[in-house]
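Summary of structural features
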Amino acid sequence: MKLLQAFHHTLVHIFHQRNDREQSPVKPTLKSYILAPTLSGLFAAAPMATFAQSASNLAGPDSTPNVLASDAEDSDDLLGINKQQSWSEWKAGMKERTGLDFGIDYNVLGYKASSSLGEDNTASGALRFFGTWELLNRGQANSGKLVFKFEHRHAFTDVAPTDFGSELGYAGLVSSVFSDQGTRMTHFYWQQDFAEGRGTVYAGWLDVTDYTDVYALASPWSGFSNLAFQTGSGTIGGLPDGALGVMAGGFLSDNYYVAASIVDANGDPTDPLAGFDTFFNDFETFKTLEFGWTSGPDALFVDNAHVTLWQIDERTAAGTPSGYGAAFSYSKAIDNTWFPFIRGGWAKDGGSLYETALSAGFGYTTNPSQNMLGAGLNWSRPNEDTFGSKLDDQYSLEVFQQWQLTEGIELTPSIQVIKNPALNPTKDTVAMFGLRLRAAF
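Since this is a predicted model, take the numbers as computed values, not measurements.

1. So, the side chain of Q191
Turning to its location among the elements, Q191 is positioned in strand β4 (residues 182-194). When its relative accessible area of 1% is taken as the criterion, Q191 is described as buried. Of note is the side chain of Q191, whose polar atom sits 3.3 Å from the side chain of D193.

Shown next, in the form of structure tokens:
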């Protein structure tokens, strides 16, 4: 899911304090490094210090530890309804006694298109069970934990949202996660912090979008739905999840950080055990290296600039060539209300959707615990090697408005407008009207 929780907690922290307050002299640790949001987390009214204490991983909005941290915070919801207090207290007690923290949510997304080449509506749901189990050095800086996320993704229509772009003649993904895959293991890995929390290592089945090219509005579960506004702006090929591999990263100084990974390029979340064969025998891999700068740990993903390098091997079974590329991102919070960003990337083969892409937009809120408006505009040049022929450039606009209705329930209407859909010779413009719901427990 595309770092809204990060953005939220930072905004709330600033929103309730004076702008000229002095920054803490404490050196950044990995715990303070990660500000990882989902839209629900983005709107949970909690001071930054509280969130930082629970953010002991180098990851993005949909990483399990950050979703849990976000859902655990009280939200200043629109209706002022909280029917989950006893359930939340019971879970908190279990976490304190055993180190086990878990959550459940159900997500639904539907779109209606103004016109199409085939189906003009789509809808899908996803039930997710996720958690962490801190088993080593619990409550200490160099802790170790098991991190897991299991899902069931199912379509309500003949075509799932992940496949809906082709119905419109769009060379891209209007939704990157709402599919009809069925039961899947998105990730299952060991996370080990080291160097007093300044670094971390993941080993196991990973989702590369958890830690690659993340920013505050990247979550497909709570932020932008179109992949053009998520990891790599559509220019990174592969993007495996449920993929066996390793990631390591952390702070090099107070302002600079680095992260690197290597995972199985053929990772299949619906058959994770096959990863032992594809990773160790085929050894067709996807690799990333990211360098980033932030003005301070409290603003990592809202006052941030980074460059991500990636490379993917040729995949024999998938029939995709090797490739490589680079992505960049710059974002900044302004006046406690605005969050402009500019992002883009370039690719050489590798099965990426786009050869080149550029996205720009903003988030806007007057109360980060209740609502968020997001708007983005993307220009993309479809990858000729992926689509088999040279296609026209495309333009995509996405606008969404998220509301925290009650404690645990979010509602997000949205619109996407596609100009010059590259695979649709009959239409210059196609619009989609969408509605997304998340209920977290």
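2. Regarding the pairing of strand β6 (residues 243-251)
For β6, the tally of buried residues reaches seven of nine residues, placing the bulk of the element in the interior. The pairing of strand β5 (residues 199-206) with β6 spans eight bridges and is classified as antiparallel. Residue A203 lies in a different strand from β6, and its bridge partner there is V246. Pairing between β6 and strand β7 (residues 256-264): seven bridges, direction antiparallel. Looking across to β7, one finds that G249 is bridged to A259.

3. Some details on helix α6 (residues 85-98)
For α6, spanning 14 residues, the distance from its first C-alpha to its last is 20 Å, which sits close to the expected 20 Å at 1.5 Å a residue. Among the structural elements, β1 (100-113) are those in contact with the buried residues of α6.

4. Let's talk about the pairing of strand β15 (residues 409-419)
Of the two faces of β15, the one holding E410, T412, S414, Q416 and I418 is buried and the one holding I409, L411, P413, I415, V417 and K419 is not buried anywhere. Bridge analysis of strand β14 (residues 394-406) against β15 gives nine bridges, and the strand direction is antiparallel. Bridge pairing in β15 places V399 opposite I415. Taking the residues that link successive antiparallel strands as the turn, the β14-β15 hairpin has two residues, and the phi of G408 there is positive, at about 100 degrees. As judged from the eleven bridges shared by β15 and strand β16 (residues 429-440), these two strands associate in the antiparallel manner. Across the sheet, residue Q416 finds its bridge partner in β16, namely M432.

5. Re the pattern of salt bridges
Tallied over the full model, the rule gives 13 salt bridges. In this structure, K95 engages D101 in a salt bridge whose closest nitrogen and oxygen atoms are separated by 3.7 Å. One salt bridge in this structure joins D120 and K112, with 3.2 Å as the shortest N-O distance. Judged by relative accessible area, D120 falls into the partly exposed class, the value being 28%.

6. Notes on the nonpolar core
Grouped together as the largest cluster of nonpolar side chains are 51 residues, with contacts concentrated most on F164, L168, Y215 and F286. The next biggest cluster of nonpolar side chains, apart from the first, holds five residues, and it includes F251, Y257, L300 and F301.

7. With respect to the confidence of the model for the protein chain
Looking at the protein chain, pLDDT values average 86 and 86% of them are 70 or higher. Every residue in residues 1-56 scores below 50 in pLDDT, and together they form 211 contacts with partners more than four places removed in sequence or on other chains.

Conventions used here
- Residues numbered from 1 in each chain as written.
- Predicted model: local features only at pLDDT ≥ 70, side-chain atom pairs only at ≥ 80, totals over all residues.
- Heavy atoms only, no water.
- Helix = DSSP H or I, 4+ residues; strand = E, 2+ residues; numbered from the N terminus.
- Buried < 20%, exposed > 50% of the residue type's maximum accessible area, 1.4 Å probe, protein only.
- Polar contact = N/O pair within 3.5 Å; in protein donor to acceptor, adjacent residues only side chain to side chain.
- Pairing = 2+ DSSP bridges.
- Expected span 1.5 Å × (residues − 1).
- Contact = heavy atoms within 4.5 Å.
- Salt bridge = Lys/Arg side-chain N within 4 Å of Asp/Glu carboxyl O.
- Core = buried A, V, L, I, M, F, W, Y, C linked by side-chain atoms within 4.5 Å.
- pLDDT = per-residue confidence, 0-100.

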